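What follows is the residue order along each chain.
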There are 2 protein chains.
Amino acid sequence: MREFDLLAHVFRQNPALPARVTIPPGDDMGAVRYGEHDVLVTVDQIADGVHVDLRSTAIARVARKAITRNLSDVAAMAALPVGAVVACALPRDFGQARARELSDAMRRVAGEFNCPLFGGDLTFWDHPLLISVTVLAEPAGVTPVTRGGARPGDVVFVTGQLGGSIHELDGYCHHLDFTPRIDLARRLAALVTLNSMIDLSDGLGRDLGHIAAMSNLAAEVDADRLPLSRAARHAATLDGQPAWRHALADGEDYELCFTVAVDQADRVPSQIDGVAVTAVGRMHACEPGAARVVVRADERRIPADDLGWEHHTS
Amino acid sequence: MREFDLLAHVFRQNPALPARVTIPPGDDMGAVRYGEHDVLVTVDQIADGVHVDLRSTAIARVARKAITRNLSDVAAMAALPVGAVVACALPRDFGQARARELSDAMRRVAGEFNCPLFGGDLTFWDHPLLISVTVLAEPAGVTPVTRGGARPGDVVFVTGQLGGSIHELDGYCHHLDFTPRIDLARRLAALVTLNSMIDLSDGLGRDLGHIAAMSNLAAEVDADRLPLSRAARHAATLDGQPAWRHALADGEDYELCFTVAVDQADRVPSQIDGVAVTAVGRMHACEPGAARVVVRADERRIPADDLGWEHHTS
């Protein structure tokens, strides 16, 4: 079974949702109205053996990722976090000390991002740790940026450097230690109109494919322009693939990909607070039967919307 | 490790929460403010082998419980549901057809209670099904009823009949098939001032203990007055315990326990829409070292706040 088949089935029910649901399933966050307020909500899971490995990863780092993974969704809407609730299924032999450490570390990380933990649920079982975090956010003066607003001609940008996020180099392992781009998204939203945005969790090829599909467009990316992380270059030395392929296909970058009308593209700075912001491609009309995302590399045009991954480990 | 030790540790951090958190961890739902709106939130998990057993329980029934369990928390605040997001860890061999059935059934049940599903997360792994549901609710004109508002002299009421919820009789199994008491709670709130309320998930003894502890009081319950379910009587025939003990100690009743000032107690009807509402005891000052909850049975007074359970199966 493929994850996206089931999700497509879910999304087909969206038209039946009440008007109070202002952002239906299929975006980085959903939203419901309370009076004049949009309450943005996202939920993400961290499973031991899938998204993290407790045998080799410290509890505090697992706790951090459980929180920041959701906050990356908040960044993708250009929203601000309000609070979070946590559901945790703990192995029965997890132990009191480690449970406290996990709880304390999640609260500390959430607090750093002004996202207080204000509720939760705890279950014990004989299976691996599974943490499910639900984050609430608010627009706070910036209209939430969805995936479906890209227009033909938009320039495609990405933040940071991409690829190889599972590789640890000099004590830094991006998929665990990344910083959700909340401040950066707010800064961008103040400078230009963000037509569409997504956070990169499944790989740029696949995630830009979501923007393209929801905007009923296609995208073309230039391999030479992709900002390569040190880890992407490292990964390329290991498997002999070109590094751009890691930047396009590897998951869990937790950077932002967004599109801006071409006449505003000059106003996007090349970096914000030391984080690179790079134009990597363009949106254009989708031709029937063509790939949603194409990468230009070595003078070839290669379909790239299925290079991404579905899960971190097999 | 005991669940409540870790929770007590979490609750000790409540004073550090920002003012925007209007109901901190420790109640049936937490709440954060959006302008003048209280956004109530609860999260609960359904794990295969802990809260349900997929070997013997139809998918639709599992889906139902995943939703109604949270809605019982909404009822306990006398609130109305607004929407829900669902995180699901599916066994890799679960199969497309069953996954759709699960998803469709959750959406159908949530829709019945005006609680549209508007977001989610999906993970596949090699372990049992775990569903985590987060429900958002709103006060809609009724101040949320917390656990900590009971006063000395309050009369303690319960809805429905209690005990034996795991036993299936004539095709009805209460812990799977119960109706969350959302309408009933709203009707009660319109008739009297509900000083405190909780939904019964851990057993009346333990849950009334939560009301007592958070209100800094004690409670006394009369065994003869406890409304016994048919399943409680059935359970008593199986293990030779008195049926009132099942009504007091068995978990997953998903009924409401609430307290009302004695001068308003007459205004509580003996049934609402065919659901019994029964006075079962009183709140009083807590004496140092005494049990939070005592049951009067057979002319004895028995400590009852530790008769409940922590988990459905061992």
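Before reading further, recall that the structure is shown in the block above.
Quick notes on the rules
Residues numbered from 1 in each chain as written. Chains lettered and ligands numbered in written order. Predicted model: local features only at pLDDT ≥ 70, side-chain atom pairs only at ≥ 80, totals over all residues. Heavy atoms only, no water. Contact = heavy atoms within 4.5 Å. Buried area = accessible area lost by both parts, 1.4 Å probe. Salt bridge = Lys/Arg side-chain N within 4 Å of Asp/Glu carboxyl O. Polar contact = N/O pair within 3.5 Å; in protein donor to acceptor, adjacent residues only side chain to side chain. Helix = DSSP H or I, 4+ residues; strand = E, 2+ residues; numbered from the N terminus. Nonpolar A, V, L, I, M, F, W, Y, C, P; charged D, E, K, R; others polar. Least-squares fit on C-alpha atoms with pLDDT ≥ 70 in both. Buried < 20%, exposed > 50% of the residue type's maximum accessible area, 1.4 Å probe, protein only. Pairing = 2+ DSSP bridges. Axes fitted to C-alpha atoms, helices over the stretch in contact; angles between N-to-C directions.

**Some words on the interface of chain A and chain B**
Opposite the 71 residues of chain A that make contact, chain B presents 72 residues. In total, about 5700 Å² of surface goes out of reach between chain A and chain B, with carbon and sulfur atoms giving 66% of it. Taken together, the connections running from chain A to chain B amount to two salt bridges. Here Arg20 of chain B ties to Glu138 of chain A by a salt bridge, and the two come within 2.7 Å at their closest N and O atoms. The interface formed by chain A and chain B includes 17 residue pairs in polar contact (both at pLDDT 80 or more). Among the elements of the structure, α1 (3-11), β1 (21-23), β2 (30-34), β3 (37-47), β4 (80-91), α3 (96-112), β5 (117-125) and β6 (130-138) of chain A are those that each provide at least two residues to the side of chain A that touches chain B. Taken together, the residues of the side of chain A that touches chain B sort by class into 38 nonpolar, 18 polar and 15 charged.

**Side note on the relation of the copies chain A and chain B**
Each copy of the sequence occupies a distinct position, and chain A is placed on chain B by a rotation of 180 degrees and an axial shift of 0.0 Å, giving an RMSD of 0.0 Å. In symmetry terms, the pair is related by a two-fold rotation axis. Most of the interface of chain A is mirrored in chain B, where 100% of its interface residues again form contacts.

**Things to note about the pattern of salt bridges**
Under the defined criterion, the tally for this structure stands at 34 salt bridges over all chains. We note a salt bridge from Asp222 of chain A to Arg225 of chain A, for which the minimum N-O separation is 3.9 Å. A relative accessible area of 23% means that Asp222 of chain A is categorised as partly exposed. What makes Arg225 of chain A partly exposed here is its relative accessible area of 47%. Across the pair Asp273 of chain B and Arg187 of chain B runs a salt bridge whose closest N-O atoms are separated by 3.1 Å. Taken as a pair, Asp273 of chain B in the loop between β13 (271-272) and β14 (275-285) and Arg187 of chain B in helix α5 (residues 182-191) lie far apart in primary sequence, 86 residues in all. Residue classification places Arg187 of chain B among the partly exposed residues on the basis of a relative accessible area of 42%. Here the salt bridges do not stand alone but share partners, grouping Asp27, Asp28 and Arg147 of chain A into one network.

**A look at the sheet that holds β2 of chain A**
Residues and elements named next belong to chain A. Pairing in this open sheet of six strands is mixed, and the strands run β1-β2-β3-β6-β4-β5 from one edge to the other. Each edge of the open sheet carries a strand with a single partner, namely β1 and β5. Each strand of the sheet is rotated relative to its neighbour by a mean of 25 degrees, with strand direction disregarded. Looking at chain direction, β4 and β6 are connected through nine bridges and run antiparallel. Opposite Ala87, over in β6, you have Ser132 as the bridge partner. Each of β3, β4, β5 and β6 touches helix α2 (residues 59-76); the most contacted strand, β3, lies at about 145 degrees to it. Relative to β4, α3 is tilted by about 170 degrees, and along the sheet it contacts β4, β5 and β6.

Geometric descriptors of this kind do not, in isolation, establish any biological role.
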